[in-house]
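Listed below are the residues making up each chain.
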Amino acid sequence: DAGVIQSPRHEVTEMGQEVTLRCKPISGHNSLFWYRQTMMRGLELLIYFNNNVPIDDSGMPEDRFSAKMPNASFSTLKIQPSEPRDSAVYFCASSLKGNEKLFFGSGTQLSVL
Amino acid sequence: GESVGLHLPTLSVQEGDNSIINCAYSNSASDYFIWYKQESGKGPQFIIDIRSNMDKRQGQRVTVLLNKTVKHLSLQIAATQPGDSAVYFCAENRSGGYQKVTFGIGTKLQVIP
């Protein structure tokens, strides 16, 4: 298995632009998580899906952030409009069950200028 | 004002020595604990886990100890190698309802050759 696949690996954009991050979880995993990592705040959970349904989005910073999981093999995290303070590494992770160990992707390094 | 990032605790260990990384968790309802290793430029990677019905679990060169009385977790790495240099996170989770993994701030392990 290729593991959790995230794209793009790096994204540089200008303030105000829309950013879409993509994730393909491990096949057969029914839970998917989006995390954000910064030097200031460490690793923060943004949103958690179980069986493609958002269960907890309390970590989503504000309305500019949205996440979807249209099917079991794909999820997106969208930021519109992006701001410089959104600059971070965004990780997607999946697990076989929501309470089991997580498998992380390589992350997307986002820089908003 | 000046922005301040997280100051990760740092543990420096001589190559070949044993390492002990400590973690305190906060939720007495947590019943599943996981250690992750994050190398530079990569996502966190699962190392070992332990459930609350156990006090100790061993893997290859790693041992996790759980003290539920004082809500303390430790990761012991035997014969530390340069490849062990990374940031180590402990994560706590609880079963029932939905599962939400909470990460600690991490400890940076530096292995001195």
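Residues numbered from 1 in each chain as written. Chains lettered and ligands numbered in written order. Predicted model: local features only at pLDDT ≥ 70, side-chain atom pairs only at ≥ 80, totals over all residues. Heavy atoms only, no water.

Participant: A description of the overall build of chain A should follow, citing residues and the corresponding values.
Facilitator: When helices and strands are tallied, chain A shows 0 helices and 11 strands. Helices (α) and strands (β) of chain A occur, in sequence order from the N terminus, as β-β-β-β-β-β-β-β-β-β-β. In terms of C-alpha radius of gyration, chain A reaches 13 Å, essentially the compact-globule figure of 13 Å for 113 residues. Counting across all 113 residues of chain A, residues that qualify as buried make up 49%. Nonlocal contacts in chain A, meaning residues at least 24 apart in sequence, comprise 54% of its contacts between residues at least 6 apart. Summing over all exposed atoms, chain A offers an accessible surface of approximately 5,400 Å²; the carbon and sulfur share of this is 50%. Distance from the positive charge centre (11 side chains) to the negative charge centre (12 side chains) of chain A: 5 Å. (Helix = DSSP H or I, 4+ residues; strand = E, 2+ residues; numbered from the N terminus. Rg over C-alpha atoms; globule rule 2.2 N^0.38 Å. Buried < 20%, exposed > 50% of the residue type's maximum accessible area, 1.4 Å probe, protein only. Contact = heavy atoms within 4.5 Å. Areas by Shrake-Rupley, 256 points an atom, 1.4 Å probe, with all protein chains shown as cover. Lys, Arg positive; Asp, Glu negative; His and termini not counted. Charge placed at Lys NZ, Arg CZ, Asp CG, Glu CD.)

Participant: An account of the overall build of chain B is requested, with residue identities and associated values reported.
Facilitator: Assigned secondary structure in chain B consists of 0 helices and 10 strands. The burial tally for chain B puts 38% of its 113 residues in the buried class. Sequence-distant contacts, at least 24 apart, represent 53% of the contacts inside chain B between residues at least 6 apart. Carbon and sulfur atoms form 47% of the exposed surface of chain B, whose accessible area is close to 6,000 Å².

Participant: How would you summarise the sheet that holds strand 5 (residues 56–58) of chain B if you had to cite specific residues and measurements?
Facilitator: Residue and element names in this part refer to chain B. Strand order across the open sheet formed by 4 strands is 2-7-6-5, with antiparallel pairing between neighbours. Whereas interior strands pair on both sides, the edge strands pair on one side only; in this sheet they are strand 2 (19–24) and strand 5. Direction aside, the axes of adjacent strands within the sheet are offset by 15 degrees on average. As paired strands, strand 2 and strand 7 (residues 72–77) are joined by 6 bridges and run antiparallel to one another. Across the sheet, Ala24 pairs through a bridge with His72, a residue of strand 7. (Pairing = 2+ DSSP bridges. Axes fitted to C-alpha atoms, helices over the stretch in contact; angles between N-to-C directions.)

Participant: Summarise the layout of surface pockets; cite the residues concerned and give the values.
Facilitator: Of the volumes computed, that of the largest pocket is approximately 520 Å³. Every residue lining the largest pocket is counted, 22 residues in all, and those nearest its centre are Gln37(A), Met39(A), Gln38(B), Gly41(B) and Val87(B). Of all the secondary structure elements, the ones that give two or more residues to the lining of the largest pocket are strand 4 (31–38), strand 5 (42–50) and strand 9 (88–95) of chain A together with strand 8 (86–93) of chain B. Its residues assigned to classes, the lining of the largest pocket shows 9 nonpolar, 9 polar and 4 charged. (1 Å grid on protein atoms, 1.4 Å probe; cavity = no way out; pocket = protein on both sides within 12 Å on 5 of 7 lines; lining within 4 Å. Points joined across faces, edges and corners; volume = space filled by probe spheres on them. Nonpolar A, V, L, I, M, F, W, Y, C, P; charged D, E, K, R; others polar.)

Interpretation in functional terms is not warranted from these geometric data alone.
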